[in-house]
Amino acid sequence: MQIPQTLFASIDMGTSSFKLLIIRAYPNGKFLTIDTLKQPVILGRDLSSSCSISTQSQARSVESLLMFRDIIQSHNISRDHTRAVATAAVRAAENKDEFVECVREKVGFEVDVLTGEQEAKFVYMGVLQFLPVFDRLVLSVDIGGGSTEFVIGKRGKVVFCESVNLGHVSLSEKFGTCSGNFEEVLKMREYVRMVILEFGLVEKVKESGFEVAVGSSGTIRAIEKAVVSGYDRDFVDNVGDFGGCKRDWRLSRGELKGIVERLCCGGDGEVERVRRERFFKRRSEFIVAGAVLLDEIFELLGIEEMEVSGYGLGEGVVADSLAKVFDGYDLNANARWRSVVRLAMRFNNKKRVKAGAQCASIAKDIFEGLRKCDKLDNNQVKLIASFEDKDLEYLEAACLLHNIGHFTSKKGYHKQSCHIIMNGDHLYGYSTDEIKLIALLTRFHRKKFPRSHHAFLEEFPEQAKQKFRVLCAIVRLSVILQQNDCVNLRGVDFFHSYEGWSPSFYIDLKALSSRLCDWRGNSLHSSTRSSTFDVMMLSKVVYDDNPAIAEGEDKEVNFCTIIVDG
């Protein structure tokens, strides 16, 4: 059984970096980020000295895009589900047509060079996929490398949008990093104010008004992370304490000023530079300009507090594609699921978010395979509990959140994950019982498998206990498969035996060939038995020295057996 084609890819060819985003999307509007990759191409440097994209930058661009193309092809994403867009740097380049043609010939991507208004609209659509602000009048601000997009919208409709030629790369090229240089910071502030006032932005925003301000760019997310991490108070070794991370995604004017002051006047230049580079990494070269620009935006537009979106242009491009593919696609759908995504991104780094998403994808295939088998079995062997769509939602939520406890420590992280979900008031729209179910699925995704009389399950009805244990087995199996990251799952089938249904997974043997010899004869997880089903985690790897490995053909690998009551 082939995995359904629900994957979409967007490529954001920005002024400072190129970003690849791969999303598993659902017709009802639910997003699940499968993979991301960022390459620091920095086209904006060319435009500071000339009006064209240099031959060297074109070569770097093609190299990055070829890498993106290979990843997209490895996920079997079709061309009509892939979209590449370019923003300010390409938009302003005199040789943009030559650049677009170069990409078409050498990579095969058709690049859509967005106008400033189109870019702003996509940013707003991305914000709506992350924050529950659909019914509010939203001012969205996205600071890019070469421009900043402002858009005011409500209920998915754009009321006003403007693209201003101010970006963190262009400002850094013009004024330098400015760290510790009061005069250069002052000159930058004066320039930012002059440009914003010349655009008439203040009057236009006041005329439209707004109820909530939202920031969606990587620069704004980095500043918000600095606030949570206590960058201005030297607490930069962790992602902040638990109390700090219980807060939602937001940034106040006072908090922003504290970060800007530390960045611009942080004391000894070399010490502060090293500290800044350690925290902001590749963004450190441009973070001072980005922070000063955001500070001026707060002041000029009268923003006291800004909510921060984990989604932006790339997700907006995917949302626009979904609206064309799926009839009746709803930008405001799945507010509950968006709260799960926000919680995962609040506590996890990109690597762990990606791992959780991969677990959720594997779990979905197993769940749907079991449910399909249950319908086709003609009452010969029945599952101990019938599954509904909401059970899949609980399963995917638990997979996405199973590793959030890692932010404190690796030891006992499954217990911490459960604690965060149960006590943080993070999940929007879920009942107390639903939150408890998701939390317990994360709690028991590792270590001892829960018995039916476990204290945590005492309040569950008997049928709910049985269903919970099946869902728990799926979560545990999905985590094991994902953690052995050589697995590139291409499909799952269920084969009937007199005992029940046995799932077998089809995988890409090219990805496994270097690891199979290490696995042969070894079990990667101990088996766990119960009276109602038997879960054999990675019971056997079927392998022989078959030339099919070199040819990349599918080979059946039995990873587990789930036996259900007859």
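Residues numbered from 1 in each chain as written. Predicted model: local features only at pLDDT ≥ 70, side-chain atom pairs only at ≥ 80, totals over all residues. Heavy atoms only, no water.

*Asks:* Quick one: what's the story with the sheet that holds strand β11 (residues 305–308), residue by residue and with numbers?
*Replies:* Taken in spatial order, the six strands line up as β8-β7-β6-β9-β11-β10 in an open sheet, and their pairing is mixed. The open sheet has two edge strands with one neighbour each: β8 (157–164) and β10 (250–252). Ignoring strand direction, the axes of neighbouring strands in this sheet form an average angle of 25°. The pairing of strand β6 (residues 138–143) with strand β9 (residues 212–215) spans four bridges and is parallel. Its bridge partner lying in β9, Leu139 is registered against Ala213. Each of β6, β7 (148–154) and β8 touches helix α8 (residues 201–208); the most contacted strand, β8, lies at about 170° to it. Relative to the sheet, helix α13 (residues 287–301) contacts β6, β7, β10 and β11, its axis offset from that of β6 by approximately 155°. (Pairing = 2+ DSSP bridges. Helix = DSSP H or I, 4+ residues; strand = E, 2+ residues; numbered from the N terminus. Axes fitted to C-alpha atoms, helices over the stretch in contact; angles between N-to-C directions. Contact = heavy atoms within 4.5 Å.)

*Asks:* I'd like a rundown of empty space enclosed by the protein, residues and numbers included.
*Replies:* Summary: where empty space remains is shown by rolling a probe the size of a single water molecule over the atoms. Counting across every chain of the model gives four cavities of 30 Å³ or more. Taken as a whole, the largest cavity encloses approximately 70 Å³ of empty space. Lining the largest cavity are Phe31, Leu32, Thr33, Tyr311, Val341, Ala344, Met345, Val353, Ala357 and Leu400. Secondary structure elements with two or more residues in the lining of the largest cavity: β3 (31–39), α15 (335–347) and α16 (350–376). Classifying every residue of the lining of the largest cavity by side-chain character gives nine nonpolar, one polar and no charged. In this structure, the second largest cavity occupies an estimated 50 Å³ of space. What lines the second largest cavity is Gly29, Lys30, Phe31, Gln129, Phe130, Tyr311, Ala333, Asn334, Trp337, Arg338 and Val341. Looking at the lining of the second largest cavity residue by residue, the class counts come to six nonpolar, three polar and two charged. (1 Å grid on protein atoms, 1.4 Å probe; cavity = no way out; pocket = protein on both sides within 12 Å on 5 of 7 lines; lining within 4 Å. Points joined across faces, edges and corners; volume = space filled by probe spheres on them. Nonpolar A, V, L, I, M, F, W, Y, C, P; charged D, E, K, R; others polar.)

*Asks:* Account for the pattern of salt bridges, naming residues and giving values.
*Replies:* Applying the stated criterion to the full structure yields 27 salt bridges. In this structure, Arg83 and Asp320 form a salt bridge, with 2.7 Å as the shortest nitrogen-oxygen distance. Here Asp320 lies in helix α14 (residues 313–325) and Arg83 lies in strand β4 (residues 82–86), a separation of 237 residues in the sequence. The salt bridge partner of Arg91 is Glu119, with a shortest N-O separation of 3.0 Å. On the criterion of sequence distance, the pair formed by Arg91 in helix α3 (residues 88–92) and Glu119 in helix α5 (residues 116–128) is long-range, its members being 28 residues apart. Owing to a relative accessible area of 4%, Glu119 belongs among the buried residues under this scheme. Within this structure, Arg189, Arg193, Arg253, Lys257, Asp295, Glu296, Glu299 and Glu304 form a network of salt bridges that share partners. (Salt bridge = Lys/Arg side-chain N within 4 Å of Asp/Glu carboxyl O. Buried < 20%, exposed > 50% of the residue type's maximum accessible area, 1.4 Å probe, protein only.)

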